[in-house]
Every structure is written in C-alpha cells, then in structure tokens.
Number of protein chains: 2
Amino acid sequence: MFEKLPIALRTDYLRPDVTDEMISARREQIELADHLLRSRKCRGAAFTGWLHPDGILNQEELVRIVETADRLRQESDVLLLIGIGGSYLGARAVIEALADEPERVAYAGTNISAAYHARLRAKLEGKRVAINVVSKSGTTIEPAIALRLMKDLASYNAERLIVVTADAKKGALRKLADEEGYESFVVPSDIGGRYSVLSAVGLLPIAYAGIDINKLREGAARCAELCRSTDPLSNPAYYYAVARNLLLEQGLVIELLAVFEPHLHYLAEWWKQLFGESHGKERTGVFPSSALYTTDLHSLGQYVQEGRRDLFETFIEIRDGGPALVVPHQEDDADQLNFIADKPNETERTLNYVNRVAYEATALAHRHGGVPNMTVVVEKLDAYALGALLYFFEIACAVGGIMLGVNPFDQPGVEAYKRNMSEILGRPGYTQRPLESGKARYVTF
Amino acid sequence: MFEKLPIALRTDYLRPDVTDEMISARREQIELADHLLRSRKCRGAAFTGWLHPDGILNQEELVRIVETADRLRQESDVLLLIGIGGSYLGARAVIEALADEPERVAYAGTNISAAYHARLRAKLEGKRVAINVVSKSGTTIEPAIALRLMKDLASYNAERLIVVTADAKKGALRKLADEEGYESFVVPSDIGGRYSVLSAVGLLPIAYAGIDINKLREGAARCAELCRSTDPLSNPAYYYAVARNLLLEQGLVIELLAVFEPHLHYLAEWWKQLFGESHGKERTGVFPSSALYTTDLHSLGQYVQEGRRDLFETFIEIRDGGPALVVPHQEDDADQLNFIADKPNETERTLNYVNRVAYEATALAHRHGGVPNMTVVVEKLDAYALGALLYFFEIACAVGGIMLGVNPFDQPGVEAYKRNMSEILGRPGYTQRPLESGKARYVTF
C-alpha cells in the first residue's frame, strides 16, 4: 500500500454517500482544474510558487537556513518565533508533531493578550532567547506589538540572536533587517502564508527544532511528483479534494478533521487555515473544524454520533504511532484491562494497537451514525511522511478550490476586522470610529 | 451594568436576525422549561444536582478538599490529573484561565497515544508527582491505561500522594481506594460529568492550583440566584439559550465560540463538551466549534467573514484583561505602532485596550459579513466571575436543551465507539470483531 509514498486514503466509509464512480465522473473537472493550476491560468496563479517544493529554495539558501538554525541552537535555549497565521502555523504544526523537545520553540505575535505576554516572559526568564520574526510587511499589528514587547530578551546580542524572515525587498521588517544588519531570509513573493511552510518561513524554525528539513522537502517533492496523475483513483489527494466537494454539494457543510495523537493538534490548526482561508469565500466552502480523539469522543463525540447530520469526518491515522509502550499487567485487574495486557500477541498489548482500534471503532460507529468519513493513513510519522502530507493537503486544497470556483490563494475577508481596528484605534489615514458605537445593547442581571 | 454580577450579554449584533421581541415571544416556552427543570420533571431530572451550586458539597467535604489540596501542594511539584471528558475538562478550564502556575497540573487519561505518554514521562522526570485519578467507574479505558502507566511516579509514597475521586459506593476505583487506603472524594451520583466542575471532581485539582474555590462557588451560587428570573430580558443566561435556539431554527447550524485570550482555550473546550454532549442528539443541536482570536482571524477568519452563512458567533470579552502592559514607544516607528504608543490617554496604550478594539472590530466586521453574533461580557476574570460564567453556561444549556426537546443530561451516543472497541479488542463478554474488516478500501499513489 505504501510502495510509492507512506500515505494512502481510506474511502470505504464514504459509501454510499460517495463512491469511486461518483469520483471518477468528475474526471474532466479534475483535469481542467489541474490544467489551470499547472499552466498558471487559474485565479490567483501568481501565488502558486509552492507547487514545486524543490524549487522554492536554492541550495545556497538551504545551506544558510541549516547553518543559521544550528548556530542559533548553540547560542540559545529557546527560539521565540514571532508571527501570525501562515507565518507560524506551518512551523508549529511540524515542530509539535516531530521535535524531540518542542518546548525549545516558543511563540508570540499570535494574540494581543496582556496575560499571555506576562506568562511568556515568566517562562523565558533566565533563558537565552533567540528570536525569529516572520512577517511579510512588518506592520501586521500582532507580531509588531510582540516584537516591541519581547525584543529586549535578545538585545544583549541582537545582531546574532535576532533573525528576520520578510519580503525580499520592501516593507518595514526588511528595512529593519538591513539597518540593523540582522541575518535575514525571504518570504517568497509567489507563495501565500498558508502555503509557505516549505519556504524559509517554516524551515528555519523547523530546523532549529532539530528536524531534518531535507527529508521534509523530499517527502513533499515526491508527493508532488505522484500528484501529477489526474486519475483520482491513483491520486488520493485529488480523490480527497473531489470527495469533500461532493459531500458539500450534498449539504454536508462541516468537515471535522480528527486525529488520535495530541501532538497533531497544530497540524489540524494548519489544515483549518489552509482550507478555511482558501475555500471560505463567495459564500461557499466547507466549514473546517477539528477534534482530538479519543478525548473529544467524551465531548463532541456525542454530537458527531447523534446530532444533526450536517457533517463529514476526515481522520488522520498514524499506523506506527511511536514508542512501543504496552499496557502493563496488574495483579488485581480491578480496572479490567488484563484482557489487553495478557494478549498472546505482544503487538496487541501496545498503546499503538489500542489507539488503532480506537480509530477503527470510531470510524465505524460514526459511519453507522450517518457520518460519512475517510481517512488519510500515514505509515509512520517522520519528516519525510509529514512533508508528503503537507503537500497532499496543499494540492488537494488548491485543486479543490479551483473546482469550487473560488480563488484558493487570496484572503480578501481578512482585511475587514483590520480596517475596523485601524479606524477605532485612529490609525493615521483612517476615519476615526468610536469603540462604543452607542448602539451597544446589553442584557444584564 | 455589572451591579449584580460581573457578567452581561451584548445582543445588538444579533439584529436583525434575533430581536428582543423574538426572544420575549418565547417567554412561555422558557417558563415551561424552567419549571420542568426546577421541579425535576424534565427528562434526565435525576442529574440536576448541579442546579444549586452551594448544595453540591457540605462544609466538611469542602474543608477536606482544601486541606488535601494544600497538603498535596506541599508534598509535590506537580499534580497529575488522570481523567477524561467531564472528569478533567472543567478543572482544566478553570486552572488554565486563573492559575499563576498552570503548569503545576499535568494531564493524562485523555488519549491512548504512546508518544504523549512518553513525552509526559520525560516532562515529569525528577519531579515529585501527586496523582488525582477521577473516574466514576474506574474502568473507562483511557484513564485506566494512564493510571497503570503512570502510577509508579507516586508509588514511593502512594498512600499520601494518590488521591481518588470516584463513585461513592461502587466501581473499580472506589474499591481500589478502599483497599489501598487512598484519600478519596466522591463523584456525585446526581451530576453528569460535564456539569461536575463545582463538585470534588473539579474543585480538588482547582484548589491544588492555588485558586480560591470558595470564590468560584460563590460566583456560581450568586448566578444561580439571579437565574431564577424567567424574564429573558433580565436573565442573560436564558436570553442566550433562546437566541441560539432561534438561530438554529433559522438554519444557522454552527456556533463559533470565540475568545481573545489564549488561556481561555480550555474554557472553550469545556463549553464544547457541555453543549455538544447535551444538545447533540436526536438529529438536532447546534454544532459547537471554537476559535482563539486574533490568531484565528488569520485562519478561520476568512471563512467567518465570507464563507457559507451557516454560522453564528458568541464572543467572550474580558473587559479588564490582566496586567497593564503598554505598547512601548520606539524611536524609528518602522512598524508604525507609535500612533498607539503615543496616545495621550494611557489606557489606550495598553494591550488590554487594543485587544478590546480587536474584539469590537471583529464583532462589527462579522455582523457586516452576515454573521449574527452576541457577546458574553465579563468585567474581570477572577474566580468569582468564572464561577458565575460556568453556571451561566450550565443553566443556559439545560434550559435550552429542554426547549429543544432533548434530554440535556444523558450521552447515549458515547457508547457506540466504546462498544466497537470492546468487540475489536475482544473484551470478555463481547463478540469478537476483526480490526481490518476486509471491506477496507484504500486509494494509493
């Protein structure tokens, strides 16, 4: 199953809602979308630089990323990554999933919470802190505030410990890097934030966390190669893209991405940005939501099993889920687990096996409950497989978005709250708007 | 506005979808639901012990909780809370929101991930660990596995460091506590897990984290008193309950609970369990989802602004958001933040103020985008206000569920995956079912 790539798509629990025949019937639509994407004739074609993962960076840039990451790793205890949205989510997804010590990377610029910044300072106290600030412009309000607040942590050796990832030529952050002589990397001009994890945006912090970025890139490149097939029956990424569009057409407006490993939480967050921001426009798109199982089976699980039938589910199953921990035998067996602990087959005593059973049990239960579901099966979660998985979702999202009729590479709706903020804050050039509009109405006790 | 309770409900951005008149027109329905609940004639009435927060525990039990928490705090560095769903979410919600050192409480029993348990052990290495295991039965598979795997951490002094919260009389965990002489507390028989935060289930770990549980209880009790009004215009909890039902009737099937403080993440998780499990049955209920703003404005935000109009939003706004951190002035102003840093009014230079502006800007933008929204406004997040807030959601959920026609206190759908697991694992008494059903179908590269 995993001959060509450690990723496959399980589809039997999509039936009867979605069948191979229904998918294959969309072959022409797939071919058109694929053609528009690859010939750069689709909407937003100027932002398809992610399409060839091994073309994003040249050898020299790659070497500099690895060398800088190694140097920072030696000279600091913690890397503070300052960025929001696509400027940090890809890196965080990979780091939490793969790093031996994910706590060596801390995050700021993702909120405007005073409590968060106070807790973060307390956590970083006494540590040697390096900073990687990532922002195309340098004027996005959250990371700009975070940089003002936190940069003193690295200021005793700023020219070595502050590293900038910014637009190649213009913007406040590029100017800052030039003036202060900070080491700097480039936010590619032909890749939007949510597709940028395999550029310097993602790779520098990922390398800092000790993850093999070459393997990550190789996995993505191999997936890209295999995704050249427009036959959805031999291209699971396109199968996935069509299946979710078909389910949306049938009125299933929510997709729940469910993982069985807590350290995939940020992969789910990255996925939510990718699909939410790419398809959620012009009043269309599946609403992306996520769950961590099994814990959320004791929470959202009730809804998924028996609530409104507006949703479908996509599982990520990791076949080999890490350390070979077994359920230990216990003399008294008060908790009734010895039937697992005493299995003759040692594999069946492991947490990995029980967790796989939990996945299968859940997929089956939800299918019986009327929730069509599919599963992205990953043989083993390493840098190579994760690189492939990231690309799998990226191209599925792009092709799926083109088939949906939207521009999967813009995000016009993100400006609305920013514009309102500028007005209320009285940013120069904006017409002031009051904080309390006078229309506010409260129901009180 | 906050004379009686530090909580109010902002409603103007619900208009025109939901108006005061529409809410008031449901007065009789509210009165009926309220009556059924309080006279214990509703479905699931046997599980309404949470209704009077000050009746959940007597003085003696309360004192013992505080004393035990204090003792454990002195004798350990970390409390490992082992429990799943309602057995940990309420505690975690309060601890993350309020504790000075939330990292003093660690969590297990929420998943079957080998990687998670390996990382957890590494994190706890060299620390003095106390354990509070919370499970009504003691045979729920996730916490039972976690206890087998982790209890050696406290076994050098188990009789002092292991504390059990279990059914008063029956079950494996109660038996274990009796046999081993562990200090123990009671999971009330008349309160379901998701409503149990103000019982020993939640209060012991919350007290361990250094939070004033009496204030938490007082806030809840005060809210309970004020919620006796069945006039939704003077009872924001009932207003909220009716508003979300009305929006559901209008086809808005998703509620997005959005917070602007990252440390409220687990409050949102608790809320998702509360509403998802209480209403998500008999093919009805709003699908509960959550977002952390502003970070998710650079992710889901695009969808909320311009995607399908199937959703409404509930914000939690904390008026006084903690430490008075200001945006610092910076000579060069490359990032263009000095227009904030140089405000004549010092309040307007604080992160709290900018975060409030972000909330207002977002609520307005989403209303303009066609997303009706309301806001639970909290004057200041302390134990008293949070206690009130927990009760606010509990009673809104109960009354809203009764109005919806469901039993808001059961969770029949949670059994389906458990039964399948027992079958696949071959638990004694179940008919064995294979892991790979033979029907599994994979699309591969």
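In this text, all values refer to a predicted model and were calculated from it rather than measured experimentally.

What about the side chain of Asn 373 of chain B?
All names here are of chain B. Its place among the elements puts Asn 373 in strand S10 (residues 373–380). Polar side-chain contacts of Asn 373 include one of 3.2 Å to the backbone oxygen of Val 371. For Asn 373, the contacting residues outside a window of four places in its chain are Tyr 13, Leu 14, Glu 313, Phe 315, Ala 363, His 366 and Arg 367.

Quick notes on the interface of chain A and chain B
At the junction of the two partners, chain A supplies 152 residues and chain B supplies 152 residues. Buried area between chain A and chain B, both sides added, is near 12,700 Å², and the carbon and sulfur share of it is 63%. Of all residues in chain A, the largest losses of buried area upon contact with chain B belong to Arg 148, His 298 and Phe 445 of chain A, amounting jointly to 9% of the total for that side. Joining chain A to chain B, the criterion identifies ten salt bridges. In this structure, the salt-bridge partner of Asp 333 of chain B is Arg 148 of chain A, at a minimum N-O distance of 3.0 Å. At the junction of chain A and chain B, the tally comes to 55 residue pairs in polar contact (both at pLDDT 80 or more). Ranked by residues supplied to the side of chain A that touches chain B, first place goes to helix H15 (residues 351–368) of chain A with 13 residues. Partitioning the side of chain A that touches chain B into residue classes produces 76 nonpolar, 41 polar and 35 charged.

Notes on the environment of Phe 260 of chain B
Along the chain, the position of Phe 260 of chain B falls in the loop between strand S7 (254–259) and helix H12 (265–279). A sequence separation of 96 residues divides Phe 260 of chain B from Arg 356 of chain B, and the C-alpha atoms of the two residues are 8.6 Å apart. Among residues more than four places away in sequence, those in contact with Phe 260 of chain B are Ser 113 of chain A together with Tyr 293, Thr 294, Phe 315, Ile 316, Asn 355, Ala 358, Tyr 359 and Thr 362 of chain B.

Some details on the sheet that holds strand S3 (residues 105–108) of chain B
Strand pairing in a sheet relies on backbone hydrogen bonds, with the paired strands running either antiparallel or parallel. All names here are of chain B. Read from one edge of the open sheet, five strands run S3-S2-S4-S5-S6, paired in parallel fashion. Of all the strands in the sheet, the pair left with one neighbour each is S3 and strand S6 (183–187). Sheet twist, expressed as the mean angle between neighbouring strand axes with direction ignored, is 20 degrees. Summarising the sheet, strand S2 (residues 78–82) and strand S4 (residues 129–134) pair through five bridges and their orientation is parallel. By the bridge assignment, Leu 80 is partnered in S4 with Ile 131. Running at roughly 135 degrees to S6, helix H3 (residues 59–75) makes contact with S2, S4, strand S5 (162–167) and S6 of the sheet. Strands in contact with helix H8 (residues 172–180) are S4, S5 and S6; relative to S5, the strand with the most contacts, it is inclined by about 140 degrees.

Here's the deal with the sheet that holds strand S10 (residues 373–380) of chain A
Pairing in this open sheet of six strands is mixed, and the strands run S8(A)-S7(A)-S9(A)-S10(A)-S1(A)-S11(B) from one edge to the other. Strands at the two margins of the open sheet, each flanked by one partner only, are strand S8 (287–292) of chain A together with strand S11 (442–444) of chain B. Pairwise comparison of adjacent strand axes, ignoring direction, gives a mean angle of 25 degrees for this sheet. Lying on the sheet, helix H16 (residues 383–404) of chain A is in contact with strand S1 (7–10), strand S9 (311–320) and S10 of chain A; it crosses S10 of chain A at an angle near 155 degrees.

What counts, and where the lines are drawn
Residues numbered from 1 in each chain as written. Chains lettered and ligands numbered in written order. Predicted model: local features only at pLDDT ≥ 70, side-chain atom pairs only at ≥ 80, totals over all residues. Heavy atoms only, no water. Helix = DSSP H or I, 4+ residues; strand = E, 2+ residues; numbered from the N terminus. Polar contact = N/O pair within 3.5 Å; in protein donor to acceptor, adjacent residues only side chain to side chain. Contact = heavy atoms within 4.5 Å. Buried area = accessible area lost by both parts, 1.4 Å probe. Salt bridge = Lys/Arg side-chain N within 4 Å of Asp/Glu carboxyl O. Nonpolar A, V, L, I, M, F, W, Y, C, P; charged D, E, K, R; others polar. Pairing = 2+ DSSP bridges. Axes fitted to C-alpha atoms, helices over the stretch in contact; angles between N-to-C directions.

Remember, this is a structural readout, not a statement about activity or role.
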